[in-house]
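Residue-level structure breakdown
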Amino acid sequence: MPDTDPAAELHAPAKSNPAPRMVAPMGRPTLAFLFAHPAHFIALGAGSGLARFAPGTAGTLWAWVAFLLLQPVVSDLAWALLIGGGTLVGWWACTVTARHMGVADSGHIVWDEVVAFWLVLWLVSPTGFWGQMGAFALFRLFDSVKFGPMAWADQRFKGFGPRGGFGILLDDFAAAFCTLLVIAAWRY
């Protein structure tokens, strides 16, 4: 039997097509994790996803505040580009962060709430505080209960890689769509 050194195997050059490494699932990301990679910063909503309680709600609140700050200076075309670009960048960021966390759809990944709620606020504008509060409450309800289209999107696109990253975003866009349907029915 050949005498092999297990430590040498750890430092051996990687094979040309190694199997993906599975990392131990991360329960709650840390501040160090947030700043360890640009994708983490984006996917964790600039830190709003680090909230100990209800990180999805914290991410949605962060989106609301950011919207209020940007709304006076951002045109409709710029909002469309920001939401479209944010979706594409978010797809990448959510994919990378989920893989690094070892969790297919961690509740701490909140960029999906951010970009989907921006879409809601942009499309219901102009509206005042109570209109935005109603949109917030409906969006959080649809996003957290996950029935119908949200459940389908949440279950259909699970896993790691681009498909999983897309799924992280898709259920929140389904929640945004349902929110907008209720608001449209209420208004008209």
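Residues numbered from 1 in each chain as written. Predicted model: local features only at pLDDT ≥ 70, side-chain atom pairs only at ≥ 80, totals over all residues. Heavy atoms only, no water.

Another point: unusual backbone geometry. The step from Ser125 to Pro126 runs through a cis peptide bond, and the omega angle for that step is 0°. Tracing the chain through its elements places Pro126 in the loop between helix 6 (111–124) and helix 7 (129–145). Phi at Ala46 takes a positive value of approximately 55°, unusual for a residue other than glycine. Take Ala46: it is sitting in the loop between helix 3 (38–43) and helix 4 (55–70). Phi at Ala54 takes a positive value of approximately 50°, unusual for a residue other than glycine. By the element assignment, Ala54 lies in the loop between helix 3 and helix 4. (Helix = DSSP H or I, 4+ residues; strand = E, 2+ residues; numbered from the N terminus.)

Attention now goes to the packing of aromatic side chains. How two aromatic rings sit relative to each other is set out by the distance from centre to centre and by the angle between their planes. Under the defined criterion, the tally for this structure stands at 12 aromatic pairs. Each member of the aromatic cluster is reached from another via a ring pair, and the members are Trp64, Phe117, Phe129, Trp130, Phe136 and Phe139. (Phe/Tyr/Trp six-rings, centres within 6.5 Å; stacked < 30°, edge-to-face > 60°.)

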